[in-house]
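Overview (structure and organization)
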Amino acid sequence: MIFEKKLWPHLQSEDKIVQLFVLQALRDYPHVPEEWTVQLIKNEINAGNDLAHISYDLQGHTFNEEAVQFIIQQIKEKESGQQYKSLVNLIPPHIAVQYTKELSPFISSAQWALYDVLLNGEEEQVWQAYGSHLAQLDAQENYDDDLYRKTKLIAKTLAEKGWINDHEIRILLNENLNEDWFDFAGILAVHMIGVLKKTEYIGLLAGMLSREDEDLLMVEVADTLNSFQSDDVIKAVLPYARQGNVYAMSVLGETKTPLAVAELKKLYSIFSRKEDQELVIEALCHQVSSEGRPEIEDFMKNEGYQAVMIDLEKTVYGFYRVEGLEHPRLENWKRAAEEKELRTQEILSASAMSVTANKVGRNDPCPCGSGKKHKKCCGQ
C-alpha cells in the first residue's frame, strides 16, 4: 500500500506537527499496521500530551501485546496511572485477560465479567449481554460513549462468531430506515456489516448518508464504508459528496485509491464555497498523493483565510513534509499549527476538560466552548 509506505518513514518524526498529521491521517484508516500503534502512543507520551485525547484517535486501531506491555510499563513508572485508563479501555479482551493483575486497577469487575462472557460465553449469554447493554443505552438520558463502546464490542463478537445472520441484519435496517431516527440496534447493525465485510450493502449504506443529522449513525456508516477500501464505495458516495456531505467527503479521503483522488480533484473544481473546498483539501492531504498538490497549492493562495471545518495549517504542512515538497510559506504554516496545538493542549489540561474528557464523544459538542463537534475541534 503506497499510502502506508509514504507515512512509515515519518512515524517517528521529531517534528511534532508531522507526528500530529500522521496521527490524524491514520485516525479513520481501517488497515493501520498493529505495530504502528505502539509508536503512536510513544509519540504522545513523549510529547506529554493528554492520553484521553489520543484514545479517541486510536479507537479503530489494533492493540497488540507490545502496545499493551508498553502501557503497563508506563503505568508502573508513574505515581498514578489513572491517566492511562482511557488507553486501557481500548485493549482487546483476549489480551487484557493475560494481564489481569496489572490492569485490574483500571478495569471494573463488571467489565472483567463482560470480557469473560465475550471470550467464553455461549451464544445465548452473549446475546443476553447485548440486549442488556442496548437497554441501558436506550435508558440513558445523555449519550454514554463508554457504554456505547462496550455494546459495540459485544456486537463485534456476535458478528465475528457468526451469531447474527444476513436476514437478521436486514430486518434491523429495514425497521430503522422507516423511522425518523436509527436506534442503537440499527446503528450497530451497520457496524456488524463492516465486521462481516458485506460489500453488497455498499449502495444501501451510501444512501444512509442523506441522514447526516444522525451523527453517531454517520460515524458507523463512514467507518464501515471505509473498511471496504473499494472503488465501488467511491462511486456510491459521490452523489452525496457533490452535495458537500461531510461524511461522504471523509470516505473519499479515507478510501486510498487513485479513483478517490481523481474524484476529489473534480470536486474541488466544481465547489465554489470555501467550506466545501476545505473538506476536499483535507481529504486530498490525507490521501498523501502528489496528484492532489495543484488543488492544495491553489487553495493555500488564500492567505489569511481562517478555516472553519479543518485544522488547515497542520494538515497542509504535514502533507508537504510527508511528500518531501517545499513551499515558501511552509514555516509560517508550521508556526500557526504549533500555536493552535499549544492552545489545544492548554484546553485539554484545564480542570474542566479533565473532569469530562472520558465522557466526551467524537460527535459531542467540544468542551472548549467553540461550538464545533469534539472531533472537529480539540478531538483533532
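For the structure, check the block above.
Now for a description of the structure that goes with this document. Just so it is clear, the structure is predicted and the values come from calculations on it, not from any experiment.

The rules behind these values
Residues numbered from 1 in each chain as written. Predicted model: local features only at pLDDT ≥ 70, side-chain atom pairs only at ≥ 80, totals over all residues. Heavy atoms only, no water. Helix = DSSP H or I, 4+ residues; strand = E, 2+ residues; numbered from the N terminus. Rg over C-alpha atoms; globule rule 2.2 N^0.38 Å. Areas by Shrake-Rupley, 256 points an atom, 1.4 Å probe, with all protein chains shown as cover. Patch = residues over 30% accessible without salt bridge, like charges linked within 9 Å, V, L, I, M, F, W, Y side chains within 5 Å. Salt bridge = Lys/Arg side-chain N within 4 Å of Asp/Glu carboxyl O. Lys, Arg positive; Asp, Glu negative; His and termini not counted. Charge placed at Lys NZ, Arg CZ, Asp CG, Glu CD. Buried < 20%, exposed > 50% of the residue type's maximum accessible area, 1.4 Å probe, protein only. Contact = heavy atoms within 4.5 Å. Axes fitted to C-alpha atoms, helices over the stretch in contact; angles between N-to-C directions. Parallel < 35°, antiparallel > 145°, perpendicular 65-115°, else oblique. Nonpolar A, V, L, I, M, F, W, Y, C, P; charged D, E, K, R; others polar. Core = buried A, V, L, I, M, F, W, Y, C linked by side-chain atoms within 4.5 Å. Expected span 1.5 Å × (residues − 1). Polar contact = N/O pair within 3.5 Å; in protein donor to acceptor, adjacent residues only side chain to side chain. Phe/Tyr/Trp six-rings, centres within 6.5 Å; stacked < 30°, edge-to-face > 60°. Lys NZ or Arg CZ within 6 Å of the ring centre and 35° of its normal. Left-handed = near helix turned anticlockwise from the far one by under 90°.

1. A few points about the overall build of the chain
Per the secondary structure count, the chain includes 23 helices and zero strands. Scaling as 2.2 N^0.38, a compact globule of 380 residues should have a C-alpha radius of gyration of about 21 Å, and the chain matches this with 21 Å. Here the chain displays about 17,000 Å² of accessible surface, and carbon together with sulfur accounts for 48% of that area.

2. Comments concerning a negative patch on the surface
Together, Asp-138, Glu-175, Glu-179, Asp-180 and Asp-183 give the surface a local cluster of negative charge. Looking at the secondary structure, you find Glu-175 in helix H12 (residues 166-177). The exposure class of Glu-175 is partly exposed, given its relative accessible area of 48%.

3. A word on the environment of Leu-20
Inspection of the secondary structure assignment puts Leu-20 in helix H2 (residues 16-26). In contact with Leu-20, other than residues within four places in its own chain, are Glu-44, Lys-314 and Glu-341.

4. A few points about the packing of helix H13 (residues 184-196) against helix H15 (residues 215-228)
Between H13 and H15, the shortest axis-to-axis distance is 8 Å and the interhelical angle comes to 10 degrees. Judged on the interaxial angle alone, H15 and H13 are roughly parallel. Here Phe-184, Ile-187, Val-190, His-191, Ile-193 and Gly-194 of H13 come into contact with H15, specifically with Leu-216, Leu-217, Glu-220, Val-221, Thr-224, Ser-227 and Phe-228. The residue makeup of the contact of H13 with H15, split by class, is eight nonpolar, four polar and one charged.

5. Section: the nonpolar core
Counting 120 residues, the largest nonpolar core has Leu-7, Leu-26 and Leu-87 as its most contacted members. Sequence-distant contacts of Leu-87, defined by excluding residues within four places in its chain, comprise Ile-41, Leu-51, Ile-54, Ser-55, Leu-58, Phe-63 and Ile-71.

6. Regarding helix H11 (residues 145-160)
Between its terminal C-alpha atoms H11 stretches 22 Å, which fits the 22 Å expected from 16 residues at 1.5 Å a residue. Every buried residue of H11 is accounted for by Asp-145, Leu-147, Tyr-148, Thr-151, Ile-154, Ala-155, Thr-157, Leu-158 and Ala-159. Looking at the buried positions of H11, the neighbouring elements they touch are helix H4 (51-57), helix H9 (109-120), helix H10 (123-139), H13 and H15. The distance from a side-chain oxygen at the start of H11 to the backbone nitrogen of Asp-146 is 3.1 Å, and the residue carrying that oxygen is Asp-144.

7. Describing the packing of aromatic side chains
Taken as a whole, this structure holds nine aromatic pairs when the rule is applied. Between Trp-112 and Tyr-115, the aromatic rings sit 5.9 Å apart at their centres with planes inclined by 90 degrees, giving edge-to-face as the arrangement. With Trp-112 and Tyr-115 both in helix H9, this residue pair falls three residues apart, about one helical turn. Assessed through its relative accessible area of 2%, Tyr-115 is described here as buried. With centroids separated by 6.2 Å and ring planes inclined at 50 degrees, the aromatic side chains of Tyr-148 and Phe-184 adopt a geometry described as tilted. Linking Tyr-148 in helix H11 with Phe-184 in helix H13, this pair joins segments that are 36 residues apart in sequence. The two residues Tyr-148 and Phe-184 agree in class, both being buried. Grouped by ring-pair contacts, the aromatic residues Tyr-143, Tyr-148 and Phe-184 constitute a single cluster. Note that Lys-42 overlies the ring of Phe-70, its terminal NZ or CZ placed 5.3 Å from the centroid. Of note, Lys-256 hangs over the ring of Phe-3, and the distance from its end group to the ring centre comes to 4.2 Å.

8. So, the packing of H10 against H11
Packing of H10 against H11 leaves a shortest axis separation of 9 Å and a crossing angle of 150 degrees. With respect to H11, the axis of H10 lies roughly antiparallel. Of the two possible hands of crossing, H10 and H11 adopt the one that is left-handed. Facing H10, whose interface residues are Val-126, Trp-127, Ala-129, Tyr-130, His-133, Leu-134, Gln-136 and Leu-137, H11 presents Leu-147, Tyr-148, Lys-150, Thr-151, Ile-154, Ala-155, Thr-157 and Leu-158.

9. Topic: the pattern of salt bridges
Considering all chains together, one arrives at 22 salt bridges under this definition. A salt bridge links Glu-263 to Lys-266; its shortest N-O distance comes to 3.7 Å. Of this pair, Glu-263 and Lys-266 both sit in helix H18 (residues 258-270), three residues apart, which is roughly one turn of that helix. On the basis of relative accessible area, Lys-266 is assigned to the partly exposed category, the value being 49%. One salt-bridge network, held together by shared partners, links Asp-145, Asp-146, Arg-149 and Lys-150.

10. Some thoughts on unusual backbone geometry
Phi angles above zero are rare outside glycine, and Lys-197 is one such case at about 55 degrees. Inspection of the secondary structure puts Lys-197 in the loop between H13 and helix H14 (202-208). Judged by its relative accessible area of 46%, Lys-197 falls in the partly exposed class. Residues other than glycine seldom take positive phi values, yet Val-288 does so here, at roughly 50 degrees. For Val-288, the location among the structural elements is in the loop between helix H19 (274-287) and helix H20 (293-299).

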